[in-house]
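A structural walkthrough
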Amino acid sequence: MAESRLILALDVYERERALEIARETADYLWAIKVNWPLIIGSGLDIIPELKEETGLPVIADLKLADIPNTNRLIAGKVFEAGADYIIAHGFVGSDSVEAVMELGKTIIVVEMSHPGAREFIQPVTDRLIELANRLEPFGVIAPATRPERVAYIRSKLKPGIKILTPGVGAQGGKAGEVLKAGADYIIVGRSIYASDNPRESARQIYEEVRAWS
Ligand code: O7E
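As annotated in an unreviewed UniProt entry, the protein chain carries the name Orotidine 5'-phosphate decarboxylase and is attributed to Thermococcus nautili. Looking at the protein chain in UniProt, the text filed under Subunit (unreviewed entry) is "Homodimer." Reading the Pathway (unreviewed entry) entry of the UniProt record for the protein chain gives the comment "Pyrimidine metabolism; UMP biosynthesis via de novo pathway; UMP from orotate: step 2/2."

See below:
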């Protein structure tokens, strides 16, 4: 099977349900993203459990946005638990992001997918792209809900820095459009985990993504 470019946003609370959905969909995924709902509901041990269950990388989407020392304290524990990547906000400044990058592979938010992202984040996206180009993280987060912004971010971003795009499905983004615009990976949550058949939903999105690869 071709390498997947699909990331599952596993935003459920319960450990058993998370492990079951991960097991059912793993064949179609590149990685699993865990966010606060799952960490709050199931604890940090869910990270090694998901890795053991699926063999897939885990992205800890903590959207870290604190002073360097606090970012370091949090990221240290989360990498130690087995996270392969951590997502951090860039708007807090390069020292805060560097504190995370010193400990492991990091993904920086340069623009978000919801309508409110236009208020404060989008106006500073250019500067966040500059930050990413300077620090060279593994990747950046860009909005699948606005393919034209993904294309813009791709045109300004150093080659080699990956673009990960949430917002496909429940938020209205279309996988094909955002991949055509230059995304490397798409992040999908509700359209998979809240569907009647998560495995089949993941398979359908995987096939759609593959058609663009
Ligand atoms: O809308 P869904 O259910 O497909 O889930 C989308 C997931 O991506 C969810 O975990 C949400 O917190 C996350 N996300 C966005 O939806 N928009 C963003 O701009 C950023 C993220 C995200 O992954 O953040 C990484 C920083």
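Some remarks on helix H11 (residues 198–211)
Across its 14 residues, H11 extends 20 Å between first and last C-alpha, which sits within 8% of the 20 Å expected from 1.5 Å per residue. All buried positions along H11 are accounted for by Pro198, Ser201, Ala202, Ile205, Tyr206 and Val209. Projected down its long axis, H11 carries its buried residues within an arc of 135°, all on one side. Residues of H11 that are buried in the fold lie against strand S1 (6–9), helix H1 (15–25), helix H9 (175–180), strand S8 (185–188) and helix H10 (190–193).

Topic: the side chain of Thr54
Considering the arrangement of structural elements, one finds Thr54 in helix H3 (residues 46–54). For Thr54, a relative accessible area of 18% translates into the label buried. Within the local environment of Thr54, its side chain forms a polar contact with the backbone nitrogen of Leu56, the two atoms lying 3.1 Å apart. Excluding residues within four positions of it along the chain, Thr54 makes contact with Ala22, Arg23, Ala26 and Ile32.

Points about the site of the ligand
As a structural note, the neighbourhood of the ligand is formed by 17 residues, with Asp11, Ser113, Gln171, Gly189 and Arg190 the closest of them. Asn35 places a polar side-chain atom, nitrogen or oxygen, 3.0 Å from an oxygen atom of the ligand. One of the backbone nitrogen or oxygen atoms of Gly189 is found 2.8 Å away from an oxygen atom of the ligand. Mapped onto the shell around the ligand, the elements with two or more residues apiece are strand S2 (31–35) and strand S3 (58–64). Looking at the shell around the ligand residue by residue, the classes come out as eight nonpolar, four polar and five charged.

Notes on the nonpolar core
Formed by 77 residues in total, the largest nonpolar core has its most connected members in Leu10, Val34, Leu50, Ile59, Ile86, Leu164 and Ile186. Residues contacting Leu50, with those up to four places away along its chain left out, are Leu10, Ala18, Leu19, Ala22, Ile32, Val34, Leu38, Gly55 and Val58.

Re the confidence of the model for the protein chain
With 99% of its residues at a pLDDT of at least 70, the protein chain reaches an overall mean of 97. ipTM for the predicted complex: 0.96, alongside a pTM of 0.97.

Some thoughts on the sheet that holds strand S6 (residues 139–141)
Taken in spatial order, the eight strands close into a barrel running S1-S2-S3-S4-S5-S6-S7-S8, and their pairing is parallel. Across the sheet, the mean angle separating the axes of adjacent strands is 25° when strand polarity is ignored. Note: S3 against strand S4 (residues 85–89), three bridges, orientation parallel. Among the inter-strand pairings, Ala60 is bridged to a residue of S4, identified as Ile86.

So, unusual backbone geometry
Here Lys63, not a glycine, exhibits a phi torsion of approximately 45°, which is positive. Residue position: Lys63 is located in strand S3. On the accessibility criterion, Lys63 (28% relative accessible area) is partly exposed. Backbone geometry at Glu136 places phi at a positive 50°, although glycine is not the residue there. The residue Glu136 is located in the loop between helix H7 (125–135) and S6 in this model. On the accessibility criterion, Glu136 (47% relative accessible area) is partly exposed.

Looking at the packing of helix H4 (residues 68–80) against helix H5 (residues 94–101)
Each pair of packed helices gets described by two things: the angle between the helix axes and the distance between those axes. The geometry of H4 relative to H5 is characterised by a closest axis approach of 8 Å and an angle of 25° between their N-to-C directions. With respect to H5, the element H4 is oriented roughly parallel. Like other packed secondary-structure pairs, H4 and H5 cross with a definite hand, here right-handed. Residues Pro68, Asn71, Arg72, Ala75 and Phe79 of H4 form the contact with H5, whose own contacting residues are Asp95, Ser96, Ala99 and Val100.

Quick notes on the rules
Residues numbered from 1 in each chain as written. Predicted model: local features only at pLDDT ≥ 70, side-chain atom pairs only at ≥ 80, totals over all residues. Heavy atoms only, no water. UniProt positions renumbered as here; feature names shortened; annotations may be inferred. Helix = DSSP H or I, 4+ residues; strand = E, 2+ residues; numbered from the N terminus. Expected span 1.5 Å × (residues − 1). Buried < 20%, exposed > 50% of the residue type's maximum accessible area, 1.4 Å probe, protein only. Arc of directions from axis to C-beta. Contact = heavy atoms within 4.5 Å. Polar contact = N/O pair within 3.5 Å; in protein donor to acceptor, adjacent residues only side chain to side chain. Near = heavy atom within 4 Å. Nonpolar A, V, L, I, M, F, W, Y, C, P; charged D, E, K, R; others polar. Core = buried A, V, L, I, M, F, W, Y, C linked by side-chain atoms within 4.5 Å. pLDDT = per-residue confidence, 0-100. Pairing = 2+ DSSP bridges. Axes fitted to C-alpha atoms, helices over the stretch in contact; angles between N-to-C directions. Parallel < 35°, antiparallel > 145°, perpendicular 65-115°, else oblique. Left-handed = near helix turned anticlockwise from the far one by under 90°.

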